[in-house]
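Structural features, examined
In case you want the letters, here they are:
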Amino acid sequence: MDIKRPKNFFGEDIPLTVFISEEQLKGKKEGSLFGRYFEDTGIFNVFPEEIKERGNYLCDIQPAGSAPDPEGFSAIAEADGLRFFWKTEPVQAESYGLYQSIFSRNKGILETDVMNRKCAVILGCGSVGSLVAMELARSGVGHFVLCDADTLEYHNLCRHQCGIEDVGDLKVNALKRKLMNINPSVEVRTFGGIIQNINKEILDEMCRPGETIFVGCADNRTADVYSNKVAVYYGAAFLSIGFWERAYAGEIFYHIPNRGMPCYECALGDGGGMSGRVEANHHVYSNQENLEAVRFEPGISVDINFITSIGIKLIIDILNESNEDYTPRLLGHLKQYTLVCNTSDPKIGGEMVEIFSYPLQVTTSLVVGFGSGCDGKCRYEKETEAQAAE
Ligand SMILES: [Zn+2]
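Structure report, in brief. (Residues numbered from 1 in each chain as written. Predicted model: local features only at pLDDT ≥ 70, side-chain atom pairs only at ≥ 80, totals over all residues. Heavy atoms only, no water.)

Pairing is mixed in the closed barrel, where seven strands are placed in the order E1-E3-E2-E4-E5-E6-E7. Averaged over neighbouring strand pairs, the angle between their axes works out to 35 degrees when direction is ignored. Pairing between strand E1 (residues 17-21) and strand E7 (residues 89-96): five bridges, direction parallel. The residue bridging Phe19 from the neighbouring strand is Glu94, located in E7. (Pairing = 2+ DSSP bridges. Helix = DSSP H or I, 4+ residues; strand = E, 2+ residues; numbered from the N terminus. Axes fitted to C-alpha atoms, helices over the stretch in contact; angles between N-to-C directions.)

This part is about the nonpolar core. In terms of nonpolar packing, the biggest core is built from 50 residues, with Ile122, Val132, Leu136, Phe144, Leu179 and Leu239 touching the most fellow members. Of all elements in the fold, only strand E8 (119-123), helix H4 (127-139), strand E9 (143-147), helix H5 (171-182), strand E11 (212-216), strand E12 (237-243), strand E13 (249-255) and helix H11 (301-319) reach the threshold of two or more residues within this core. Apart from residues no more than four positions distant in its own chain, Leu239 is found in contact with Ile213, Phe214, Val215, Gly216, Ile252, Phe253, Tyr254, Gly311, Leu314, Ile315 and Ile318. Grouped together as the second largest cluster of nonpolar side chains are 36 residues, Cys119, Leu123, Leu203 and Ala236 included. (Core = buried A, V, L, I, M, F, W, Y, C linked by side-chain atoms within 4.5 Å. Buried < 20%, exposed > 50% of the residue type's maximum accessible area, 1.4 Å probe, protein only. Contact = heavy atoms within 4.5 Å.)

Once that is clear, we can look at the side chain of His255. Counting through the fold element by element, His255 comes out in strand E13. Relative accessible area serves as the criterion here: at 0%, His255 is assigned to the buried category. Side-chain polar atoms of His255 contact the backbone oxygen of Met261, separated by 3.1 Å. (Polar contact = N/O pair within 3.5 Å; in protein donor to acceptor, adjacent residues only side chain to side chain.)

Printed below as a string of structure tokens:
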């Protein structure tokens, strides 16, 4: 093995460095190291064990007292940890607490230990779901269930968090790799099918009341109605993010259990409880034919992401609802149902944009009610609460 070494201004070799986790530096005594060498910095980045197969082979670990490999990179397991050499030259190791290091910039805003207990069930791993999952992983969410039946294709790439190296695999697998690339210790369970078919065992294992949120990202009202019911069953919160034509606008809905809040079906599933004005703008979702049209509706990533980001902020607020040290961004300001627009120009949105006064408007005053058709538990909770109050 040979490497290109970076030079300083005087043409001298810049010292080489190994980046490695403390766990591996102190704990790994045998086996092989994988990672990447960067010739512009002289850094060997040793990948964490969980994702080591994504790196290049660097070397086998040699027992204490071994001589360094005169031909290339070597690691020797001395009593106090690994020592590194490039040929015969010692290479300095910079170790880091992997987990602390990854989330150090969230400090004082998000509590890493609190976030690590949280679980997000992502229902639909397309442009919306992939962004939600990535942002939640960055916020420190430690457990994910990914649910999507689709394969990643080239036409997804202009709006998806995954790239060419993932095309041809299930979106859930591709996204899992991305999440582990942010936090290798994240627990990810995948289901390559639609939510209605998801294994109950997966949800039973992953969903803990008060720590779990179901996120409806499938742009499909039927899935959202179903998902909210499943969330209620697990005592989990639910939030959905849906789009209008060309993503000129979108809607965000959430339900927190045991609060007497109407569920998705109550609020939007049968049109009950909504103001006529908002309801009138829901024709795009009114039947299966239109649903298919929406599925292939154009819309650019930045428009989708603006609306999705507002949903993600709400998710983080909801996950931290019982955390007294956390300051919510949006919860309390945004009601259960929020409309967000990217533009108020009819050239993009058609005449429906009239409900928006200006671009990037986030509505805060839409109130939803209990519908007549809901047989869900949310009504039951409301009734039992009312009975308890008597
Ligand atoms: Zn309901």
